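Chain by chain, the residues run as shown.
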4 protein chains.
Amino acid sequence: MSYNLLKGKKGLIFGALNEHSIAWKVALQAVEQGAQIVLTNTPVSIRMGTIDQLAEQTGAVVIPADATSVADLEKLFDGAMEHFGGKFDFVLHSIGMSPNVRKGRTYDDLDYDFLTKTLDISAISFHKMIQVARQKDALNEWGSIVALSYIAAQRTLYGYNDMADAKALLESIARSFGYIYGREKHVRINTVSQSPTPTTAGSGVLGLNDLMDFADRMSPLGNATAEDCANYVLTLFSDLTRKVTMQNLFHDGGFSSMGMSRRAMQLYGKGLELEYRDISKH
Amino acid sequence: MSYNLLKGKKGLIFGALNEHSIAWKVALQAVEQGAQIVLTNTPVSIRMGTIDQLAEQTGAVVIPADATSVADLEKLFDGAMEHFGGKFDFVLHSIGMSPNVRKGRTYDDLDYDFLTKTLDISAISFHKMIQVARQKDALNEWGSIVALSYIAAQRTLYGYNDMADAKALLESIARSFGYIYGREKHVRINTVSQSPTPTTAGSGVLGLNDLMDFADRMSPLGNATAEDCANYVLTLFSDLTRKVTMQNLFHDGGFSSMGMSRRAMQLYGKGLELEYRDISKH
Amino acid sequence: MSYNLLKGKKGLIFGALNEHSIAWKVALQAVEQGAQIVLTNTPVSIRMGTIDQLAEQTGAVVIPADATSVADLEKLFDGAMEHFGGKFDFVLHSIGMSPNVRKGRTYDDLDYDFLTKTLDISAISFHKMIQVARQKDALNEWGSIVALSYIAAQRTLYGYNDMADAKALLESIARSFGYIYGREKHVRINTVSQSPTPTTAGSGVLGLNDLMDFADRMSPLGNATAEDCANYVLTLFSDLTRKVTMQNLFHDGGFSSMGMSRRAMQLYGKGLELEYRDISKH
Amino acid sequence: MSYNLLKGKKGLIFGALNEHSIAWKVALQAVEQGAQIVLTNTPVSIRMGTIDQLAEQTGAVVIPADATSVADLEKLFDGAMEHFGGKFDFVLHSIGMSPNVRKGRTYDDLDYDFLTKTLDISAISFHKMIQVARQKDALNEWGSIVALSYIAAQRTLYGYNDMADAKALLESIARSFGYIYGREKHVRINTVSQSPTPTTAGSGVLGLNDLMDFADRMSPLGNATAEDCANYVLTLFSDLTRKVTMQNLFHDGGFSSMGMSRRAMQLYGKGLELEYRDISKH
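Source: prediction; values computed, not measured.

Colleague: Residue-level account of the overall build of chain A, with values.
Modeller: On a plain count of helices and strands, chain A comes out with 10 helices and nine strands. For a compact globule of 282 residues, the expected C-alpha radius of gyration is about 19 Å, and chain A comes in at 20 Å, within 12% of that figure. Principal-axis analysis of the C-alpha atoms places the extent of chain A at approximately 75 × 45 × 40 Å. Across the 282 residues that make up chain A, the buried fraction comes to 67%. For chain A, long-range pairs separated by at least 24 residues make up 77% of all intrachain contacts whose partners lie at least 6 apart in sequence. When the accessible surface of chain A is summed, it comes to about 9,400 Å², and 49% of that surface belongs to carbon and sulfur atoms. The positive charge centre, built from 28 side chains, and the negative charge centre, built from 31, are 4 Å apart in chain A.

Colleague: Just give me the short version of the packing of helix α1 (residues 22-32) of chain D against helix α9 (residues 226-237) of chain D, but keep the residues and values in it.
Modeller: Residue and element names in this part refer to chain D. For the pair α1 and α9, the least separation of the axes is 8 Å and the interaxial angle reads 55°. One finds that α1 runs oblique with respect to α9. Our pair here, α1 against α9, has a crossing hand that is right-handed. Every residue of α9 that contacts α1 at Ile22, Lys25, Val26, Gln29 and Ala30 is listed here: Ala226, Glu227, Cys229, Ala230, Asn231, Val233, Leu234 and Phe237. Grouping the amino acids of the contact of α1 with α9 by side-chain chemistry returns nine nonpolar, two polar and two charged.

Colleague: Mind laying out the interface of chain C and chain A, listing which residues take part and the relevant values?
Modeller: Taken together, the contact between chain C and chain A spans 29 residues of the former and 29 residues of the latter. Buried area between chain C and chain A, both sides added, is near 2,900 Å², and the carbon and sulfur share of it is 64%. It is Tyr158, Met260 and Tyr268 of chain C that lose the most area in chain C upon contact with chain A, and together they represent 22% of the buried surface on that side. Counting the contacts that link chain C with chain A gives four salt bridges. Its salt-bridge partner being Lys270 of chain C, residue Glu275 of chain A comes within 2.7 Å of it at the nearest N-O pair. Only β6 (156-157), α8 (208-218), β9 (258-260) and α10 (262-281) of chain C provide two or more residues apiece to the side of chain C that touches chain A.

Colleague: Can you break down the relation of the copies chain C and chain A residue by residue, with the values?
Modeller: Between chain C and chain A, which share one sequence, the superposing operator has a rotation angle of 180° and an axial displacement of 0.0 Å; the RMSD is 0.0 Å. Considering both components of the superposition, the chain copies are consistent with a two-fold axis. Distance from the rotation axis, computed per C-alpha, reaches its smallest value in chain C at Gly271 of chain C: 1.9 Å. When the interface residues of chain C are mapped onto chain A, 100% of them again lie at the interface, so the same face is used by both copies.

Colleague: Describe the interface of chain B and chain A, naming the residues involved and giving the relevant values.
Modeller: Chain B puts 41 residues into the contact, and the matching count from chain A is 41 residues. Taken together, the connections running from chain B to chain A amount to two salt bridges. If you look at where chain B meets chain A, you find 14 residue pairs in polar contact (both at pLDDT 80 or more). Contributing elements (two or more residues each) for the side of chain B that touches chain A: α7 (162-185), α9 (226-237) and β8 (248-251) of chain B. With five residues, the top contributor of residues to the side of chain B that touches chain A is α7 of chain B. Tallied by class, the residues present in the side of chain B that touches chain A amount to 14 nonpolar, 18 polar and nine charged.

Colleague: Quick rundown of the relation of the copies chain B and chain A? Include the residues and the values.
Modeller: Taken together, a rotation about one axis and a shift along it account for how the two chain copies relate. With an axial shift of 0.0 Å and an RMSD of 0.0 Å, the rotation relating chain B to chain A amounts to 180°. Most of the interface of chain B is mirrored in chain A, where 100% of its interface residues are also at the interface.

Colleague: Could you give an account of the packing of aromatic side chains, naming the residues involved and the relevant values?
Modeller: For the structure on display, the rule yields 34 aromatic pairs over all chains. Measuring from ring centre to ring centre gives 5.8 Å for Phe77 of chain A and Phe88 of chain A, while their planes differ by 25°; the resulting arrangement is stacked. Note that Phe77 of chain A is positioned in helix α4 (residues 70-84) and Phe88 of chain A in strand β4 (residues 88-93), a separation of 11 residues in sequence. Side by side, Phe77 of chain A and Phe88 of chain A carry an identical accessibility label, which is buried. Here the aromatic rings of Phe177 of chain A and Tyr107 of chain D are separated by 5.3 Å at their centres, their planes lie at 70°, and the arrangement is edge-to-face. Placement of Phe177 of chain A in helix α7 (residues 162-185) and of Tyr107 of chain D in the loop between α5 (99-102) and α6 (112-135) is noted, with the two residues assigned to different chains. Residue classification places Phe177 of chain A among the buried positions, given a relative accessible area of 0%. Taken together, the aromatic side chains of Phe214, Phe255 and Tyr268 of chain A together with Phe214, Phe255 and Tyr268 of chain C make up a single cluster linked through ring pairs.

Colleague: With reference to specific residues and values, describe α6 of chain D.
Modeller: Residues and elements named next belong to chain D. The axis of α6 is deflected most strongly, by about 50°, at Ile124. Burial analysis of α6 places 18 of its 24 residues in the buried class, the great majority of the element. Here α6 starts with a cap whose side-chain oxygen sits 2.9 Å from the backbone nitrogen of Asp113, and that cap is Asp111. A positive phi of about 50° marks Asp137, the residue just after α6.

Colleague: Explain the pairing of strand β7 (residues 188-194) of chain D to me, and be specific about the residues and the numbers.
Modeller: Residue and element names in this part refer to chain D. Taking burial as the measure, the seven residues of β7 include seven buried ones, the bulk of the element. Across the two faces of β7 the burial is the same, with Arg188, Asn190, Val192 and Gln194 and Ile189, Thr191 and Ser193 all buried. Examined bridge by bridge, strand β5 (residues 139-149) and β7 share six bridges and lie parallel to one another. Across the sheet, residue Val146 finds its bridge partner in β7, namely Asn190.

Colleague: Let's hear about the sheet that holds strand β7 (residues 188-194) of chain A: which residues, and what values?
Modeller: All names here are of chain A. Pairing in this open sheet of seven strands is parallel, and the strands run β3-β2-β1-β4-β5-β7-β8 from one edge to the other. Each end of this open sheet is capped by a strand with a single partner; those strands are β3 (61-62) and β8 (248-251). Here helix α3 (residues 51-58) sits on the sheet and contacts β2 (36-40) and β3; the angle it forms with β2, its principal contact strand, is near 170°.

Colleague: How would you explain the confidence of the model for chain A if you had to name every residue and give the values?
Modeller: In the predicted model, chain A carries a mean pLDDT of 95, and the fraction of residues at 70 or more is 96%. The ipTM for the predicted assembly is 0.96, set against a pTM of 0.97.

Colleague: Residue-level account of the pattern of salt bridges, with values.
Modeller: Scanning the model with the defined rule gives 64 salt bridges over all chains in all. Of the charged contacts, one joins Lys128 of chain A and Asp120 of chain A as a salt bridge, the two residues approaching to 2.9 Å between their closest N and O atoms. Note that Asp213 of chain D is salt-bridged to Arg217 of chain D, the shortest N-O span being 2.8 Å. A residue pair is termed a helical-turn pair when its members lie 3 or 4 positions apart in one helix, as Asp213 of chain D and Arg217 of chain D do in helix α8 (residues 208-218) at four residues. What makes Asp213 of chain D buried here is its relative accessible area of 12%. Connected via shared salt-bridge partners are Asp108 of chain A together with Arg134, Arg183 and Glu184 of chain D.

Basis of the calculations
Residues numbered from 1 in each chain as written. Chains lettered and ligands numbered in written order. Predicted model: local features only at pLDDT ≥ 70, side-chain atom pairs only at ≥ 80, totals over all residues. Heavy atoms only, no water. Helix = DSSP H or I, 4+ residues; strand = E, 2+ residues; numbered from the N terminus. Rg over C-alpha atoms; globule rule 2.2 N^0.38 Å. Buried < 20%, exposed > 50% of the residue type's maximum accessible area, 1.4 Å probe, protein only. Contact = heavy atoms within 4.5 Å. Areas by Shrake-Rupley, 256 points an atom, 1.4 Å probe, with all protein chains shown as cover. Lys, Arg positive; Asp, Glu negative; His and termini not counted. Charge placed at Lys NZ, Arg CZ, Asp CG, Glu CD. Axes fitted to C-alpha atoms, helices over the stretch in contact; angles between N-to-C directions. Parallel < 35°, antiparallel > 145°, perpendicular 65-115°, else oblique. Left-handed = near helix turned anticlockwise from the far one by under 90°. Nonpolar A, V, L, I, M, F, W, Y, C, P; charged D, E, K, R; others polar. Buried area = accessible area lost by both parts, 1.4 Å probe. Salt bridge = Lys/Arg side-chain N within 4 Å of Asp/Glu carboxyl O. Least-squares fit on C-alpha atoms with pLDDT ≥ 70 in both. Polar contact = N/O pair within 3.5 Å; in protein donor to acceptor, adjacent residues only side chain to side chain. Phe/Tyr/Trp six-rings, centres within 6.5 Å; stacked < 30°, edge-to-face > 60°. Bend = angle between axes of the 7 residues up to and from the residue. Pairing = 2+ DSSP bridges. pLDDT = per-residue confidence, 0-100.

Put into C-alpha cells, the structure is as follows:
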C-alpha cells in the first residue's frame, strides 16, 4: 500500500540478487512509496541474478560495483549523484558472504584469508561505502543508512560460523560511523537484525531449515518475511524516524526477546520423548 | 505531513496532560495520519491539564480513567469499543509518577508505600490495561501497543530514583505480555525509550536541565523532541512494523550508543580545568 | 577446596530452605572458605525446611525474619551486628516466590494483589534489606551484596509468569542502589543470573524439566549446578572482585550467549520429524 | 594476598610490555597464587619493553611470537607445552594496536590496510591463538581463556576509532569460539571489559586523560586499576568460575551501568556555567 512515505527521496540499494532478496523487496517498495532508486551489485552477482528485471520494473539504473573496492564505490557514488542530479537520501547495505562457509571450513578450522574476505565483504564494505559517501558529501542532511544484520552478532548459532563475527563488526561500524556522520550531517545509521529469511545468501548455512522452523515457533509473531523487512526498512528511510541512530533494531517477530515459547517447547518435548524411548529400548 | 499512514485505524491514548505531553503530540499526529482516537487520563490530570482542548482539535472523546483501577480500565475499554463501534488498533501508555520523587524521598530512604504506588502507576498500569484489553478482546489482529520508557531502565542516572525501577518493570511487562498477546492475536507490544523531554511529568527530576544539556551534547543528532517521538510512535502503530515486538526501542538521537562525544567532553574538560584552577589556588 | 578466600569475612545469608537451596551451598562453602555467617529465613520457611541442620554444620546462628518487613529486617541486621560484634562484609539474597504461579493464575489473568506480593517478596525485599543495611551502616567498606536472578529478566520463557517481571525489577534495584552504596561506602551490588536449578523454589514453574533439558543442551558447558553457583558467588564476596558492581552476571554455562546449539537442534529436529510424520499420516 | 587460588595451574600470558601492562600484573599475581607461567610478546615489544625482568621475577620463560602469525603461534604453543611438560590451563590475550590511531587517521578517513591490521592484531589474533590451542589440544579440560576488552565495543567514544570495531570483533570471537571449545573440552572463553587504564597501549588514544577522569567520576567505585583487573582475571582462571563462558564481563567500577552520576554532573555543570558566562559576555 502506498503512503508516498518516501516521496521525493532518492536512494542507493546494494545487494538485490533476485526476487528472493530482501534488497529486491526494499527496492520495489521504496519505489512504490515514491522514491527513485539506483541499484548496484557486483558484476558476478549481476550475471548470476536477475537485477535487470528489477531495474526495468522500478525504472532504476544499475551501476555495477564491487563493494570491497573503494575505487568502484567512488565511481558508484559519482554515478548515482550524476543520475539523481545531486545528493541523495538513503542507502541499503544487504551484502554478506563467507568463503569459509562456502568451502566448508568450520569455525575451529578457519582459513584466515577467507576470514579476511568474509569481514571485508560482509562488514568493512559498509565502512567503505559510508566513508566514500561522506567524502563525496553524497547524502542529504537527515539521510538514512541501513544495513541488514542477524542475531548471530549477539548469540552463537552453530553453523553460522564467521558470519557471526562479521555481523558483530558490521553493527559496530554502524555505531562508530553513526556518531560521526550524525553529528556532522545528521545522517543516521542503523542495522536491522532480521529473522532468518530464505534468501539465496542464507542458503549456505548449515541446517537452516530446522533453524527457521525453530525461530518461527519461538517468535510470537512468527518469522518476519523479506516483504515485512522491506516495510520496516521503509520506515527507517522515512522522515518519521529521524532521531533513531546507532541502533541495532530487531525485526524478528519477537525472537530476540524469547527464552522459550510453548510452541517450540512442545516440539522439543517430542524430540525428548523420542530420545528417551530410544534409550529405554537399549 | 500526512501520509495517511494510520488511515482507518483507531486507537486509545493515555496520558495527554497538556500541549507539552508526548501523548498530546501523538494524538495530534495520529489524527493527522488518518486515525480516530479516544483520549483518557485520570480525573485529576484532566482537571489540571487541558485535554478538552485536544479533544476538540482532534474530534476525540475523553473518557476519564485511573489507569491503576481495573474497574476504571474496564469501563474505559468498553467505552472506547462502544465509541469506535468495535475493536480498535493501537494503545499508547504515557504514564509515570513517583510519589517518592515528589515528596523528596531519596532512593536510599524510600517510602515503601510510595514505591508500591510508583510501580502501580508507572508500570503495573501497563499490565492492567493490556490484561483488560485482551480479556475484552478489544484489539484487532496485528494491533500495536506502545509505552514510553527511559534509559534509566538500563543505566542509573542520579536523581531519577525509583522511576528507574518502574521503567525496568514496564519494559519487562512489554516483553512478557508481548509474547502472549503476540502468539494469540498478533498484537505487538513495544516500549520507546525516549530522550529526556521537557514535559510536565519530567519536571520533578533533580537537575533535569543540566542532564538534558548533557544528553543533547552526547547525542550525535541531539535530543529527540516530543514531536520527533510522536512521529516515531506513528511508525510503530502503522502496518509497516508488524513484526516488531517485545522490543525496547531507543529514540534518543543516538545517546544510548554513546560512551563519550567530543562535544560533551569539551564542556566536561572546561569544568575540569576550572576545578584544577580552583584547587591550585588553595 | 578451601583457599581461605573469605578469611575473616562475615556475612548474612537469606533463603537457605533445605540442602537443595543455592543459599545452602553458599553458606557451606562460605564457611569452608573461612567466613562466619548468620542465616535467616521466614518463620514459615524455617519450619518447612531444615535450616537448623545447616546452622549446626556451619556454626551459624539463625535469625528469623520476613524479608518484606522492614521491622523484621531491622531486628535482623541489629542481631547480625550484635552476633558479629560489629559490621559485616557480605549479604546473599536468594528469595523468590509468586503467588500467581502457585495459584495457577496465568500471566494474562494475573491477580494484582498477588503481583504486588510477587514483587514485594522477590524484588522489593532486596531494596528493603539494602536500605536497612545502609541506614544501620551495617556493612564494611568494600562489602559485597549479591542477589540471585534468572534470564527471564531479559527473555520471556513461557510459564515463568510474573517472576520474570520480578527479576527485572530485582536487577534494576541492584543497579540503582549499587550506584548509591558504591559511591558512599564502596559496597558493590550485583545479581547472578543462574541456570535453571532444581531447587524447591523452582519446582512450581511449568514444564521445568523439559526447559532444564533444553537449557542444558543449549549451554556448551551444561547447566550450572547449585554448587557451581555457590563457588561463583564466593568470588563475588571475595576481595578479588572489588571493582565489579551494578552488573547482572550470567552464570549459566554459556546459555545466555547461545542462539542455537547443535545438540539442542538435533533433539528439536527429531521432534520436527515426528511432527511431519504425524501430519503425513492424516 | 595469596590464596593459592591457581595452585598447580599453568598458563600463557600475551602482552606484558612493561610494569604498567595489565598482563604484567596478571603474570605477577598468577604466580603469587601458585601458577606457573609462560610469557610471550612480539619480538619488537620484547625489545621495547622490560619483559625479561618480569620473567626473572616470576620464574617464567619468554617465548617470542607474533600473535598474528599462525606459524609463530604454533611454535609458541609447542614451546609452552614442552616447557610445562604437557597441557596447560589458562591463556590471557592482552593485545591491541591500531595503525590508524597511531598514524592519526580519523575514523572517517581510515586506511583500509591499516584497518585490516588493527583487526588482525587486536581481534583475529585471538581466534588464531584459540584455533592453534585447540588443534594442538593444548589446554586441559575446564581451562580458561580471557581477553581484555573495552566498552567501546558497545558504545562509541570519540577518538577510540577503529579499536572500537576491533573490540566488538574480539568479543564476538569469544562467544563464537566459546561455544565450540566449551562443548568439546569445557574450556571457557570470556572477555573482561576493563576501565580505561593508563597503560602504554592506551596512551595513543585522543584525550585519554579527560576521559579517564570522566569515567572515574561516573563510576561509583572509581576506575578499576591494572592491579584490580589482575585480581579479577585470577578469579576467571580459577576453578570457582567454571560455568562462566561466552560472557563480556564489565570490570569498571560500575561505569557500564551508569547514565549519569552526581559527581560527573557537578563537573559538567561547571563547564556549562563557564560556557554560558562566556556566551553572555559577547
